[in-house]
Amino acid sequence: MKQTDPKGRGRAALILLIVLASTAAGISLMLTSYHLTEGKEPWALFRLACRSEEGGCADVLASPWAVGPGGIPTALLGAVYYGMLALWYLVVGRPRGRGRLWQAVPLGLNLAGAVVSVFLVSVMIGKLHEICWWCALTHLINFVLLYLGWRLFRATEGDSWPPRRLGVAGVLLMIAWAVLCLQGLAVSNLRKSAQRANDYARRYYEDVDLQRYLQQREASALVTVRPDDPVRGNPAAPHTVVVFSDFQCPGCRAFAAFYEAEVRPALGDRVRLIYKHYPLNQECNPGLQATIHPEACEAADAAEAARELGGNEAFWKLHDLLFQNQDSFGQKPWSSLVQKAGLDPAAVAGKMRARSGRARISEDVNLGRTLSLHQTPTVYLDGRPMEDWQRLDLWQALVR
């Protein structure tokens, strides 16, 4: 003979089931957070029952049993499990009449969970000899949930409940909760992997000795230097810097400013800088897919004309003026700039019209193509490409 449910007791049991299952799910999420952060950021509530430094929760949550199949934290599986029970009772409610057969869904899940709880408690006591009190509380709640769920299953009152569509909805909600939790774990793992990668990259970037070692392991490219190439610094310096540059390139302007302000004062006569043309303009660099800097070829023509008329010193004077006035290239300021550099504007204009420097520009471009250049500025130190030219500490280590 079936037992009847005294008025109000079934409702109270249902509310208690929802509250207890939600509480256990919250505790499990807290334990998951501790596990994923490796104990670095325990919740304030966590410290009420567990020491975060050693023993107890720390040992249990660091044990092999703290991770389930697929590397999923056991605590997260607990959060999925308790959340599924809470959702079922919240959405479907208390079973009645023939509808109580739906109660087999949470009851079967609860029974399997109780078996797992017995196993995990025996592991804490028999193998680890440590107790995680928050874990123990969730297991205790689990046994209470099983008792209350069984009581609810045996109770009968009124018409059949729940209807089939609500039972199906409850099952789908339970599955959705499980998927949501596992998706959250995947996102957390991706963030941890990204953070780990960032940490490795930062250590690599900051390790000057490692960068120096890797730089010196690079094969030295054949970056040919002509006797009359523009040179800045000690012509007999033991180290040679070659820059493939474009006078209309903002990055090239930044390199020129950095080299003058930081590298030359720090390294003095130990380095010399050689300038090579690599204008990003199809007119004088036909191998490009598109023209990026429309005035780059004319600026290179002006610089070569200055070198032909005034030698190395005139080239570098105009070099600095061109970069300083890069934003005005649209107005073609060549005449005023060469005059500031102490050159005859008419003579420079004549050489630019005759394109007397294009052959040398083409030689530099062809050399750059041989080296598979893909950007400006491209900097070589003693024939080896230097990617992080913005770092003075790396310059000092490499020239050390």
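Nothing here was measured: the structure is a model prediction, and the numbers come from that model.

Colleague: Before we go on, may I ask you to explain helix α3 (residues 74-91) in this structure?
Modeller: In an α-helix, one turn spans 3.6 residues, which is why side chains three or four residues apart end up on the same side. Taking 1.5 Å per residue as the helical rise, α3 with its 18 residues ought to reach 26 Å, and the 26 Å between its terminal C-alpha atoms agrees with that figure. Phi turns positive, to about 85°, at Gly93, one or two residues after α3.

Colleague: Any chance you could explain helix α12 (residues 358-370) here in plain terms?
Modeller: Taking 1.5 Å per residue, 13 residues should reach 18 Å; α12 reaches 18 Å between its end C-alpha atoms and fits that length. All of the buried residues along α12 are Arg358, Arg360, Ile361, Asp364, Val365, Leu367 and Gly368. Packing partners of the buried residues in α12 comprise β2 (239-245), β3 (271-277) and α9 (296-324). Two residues or fewer after α12 comes Ser372, characterised by a positive phi angle close to 60°.

Colleague: What is the right way to read the nonpolar core from this model?
Modeller: Across soluble globular proteins, nonpolar side chains have a tendency to be buried as a group. Val241, Phe247, Phe255, Leu322 and Trp395 are the most contacted members of the largest nonpolar core, which has 44 residues in total. In terms of residue count, the dominant contributor to this core is α9 (12 residues). Residue contacts for Phe247: discarding those within four places in its chain leaves Tyr275, His277, Ala299, Ala300, Ala303, Phe315, His319, Leu322, Phe323, Gln326 and Phe329. Residues Ile18, Ala79, Ala86 and Tyr89 belong to the second largest nonpolar core, which totals 29 residues.

Colleague: Is there a simple way to explain the confidence of the model for the chain in this structure?
Modeller: The predicted structure's coordinates, where accompanied by low pLDDT, should not be read in detail. Summary statistics for the chain give a mean pLDDT of 88 and a share of 94% for residues scoring 70 or more. The secondary structure element of the chain with the lowest average pLDDT is helix α7 (residues 208-217), at 76, and the one with the highest is β3, at 97.

Colleague: How should I be thinking about the sheet that holds strand β4 (residues 378-381) in this particular structure?
Modeller: Hydrogen bonding along the main chain pairs the strands of a sheet, whether they run parallel or antiparallel. Spatial strand order, β1-β3-β2-β4-β5: five strands in an open sheet with mixed pairing. Of all strands in the sheet, those with a lone pairing partner are β1 (231-233) and β5 (384-385), marking the two edges. Relative to β3, β2 runs parallel, the two sharing seven bridges. Residue pairing across strands places Thr240 opposite Arg272, the latter belonging to β3. Contacting β1, β2, β3 and β4, helix α8 (residues 250-267) runs over the sheet at an angle of about 165° to β3. Contacts from α12 reach β2 and β3, with the element oriented near 100° to β3.

Conventions we followed
- Residues numbered from 1 in each chain as written.
- Predicted model: local features only at pLDDT ≥ 70, side-chain atom pairs only at ≥ 80, totals over all residues.
- Heavy atoms only, no water.
- Helix = DSSP H or I, 4+ residues; strand = E, 2+ residues; numbered from the N terminus.
- Expected span 1.5 Å × (residues − 1).
- Buried < 20%, exposed > 50% of the residue type's maximum accessible area, 1.4 Å probe, protein only.
- Contact = heavy atoms within 4.5 Å.
- Core = buried A, V, L, I, M, F, W, Y, C linked by side-chain atoms within 4.5 Å.
- pLDDT = per-residue confidence, 0-100.
- Pairing = 2+ DSSP bridges.
- Axes fitted to C-alpha atoms, helices over the stretch in contact; angles between N-to-C directions.

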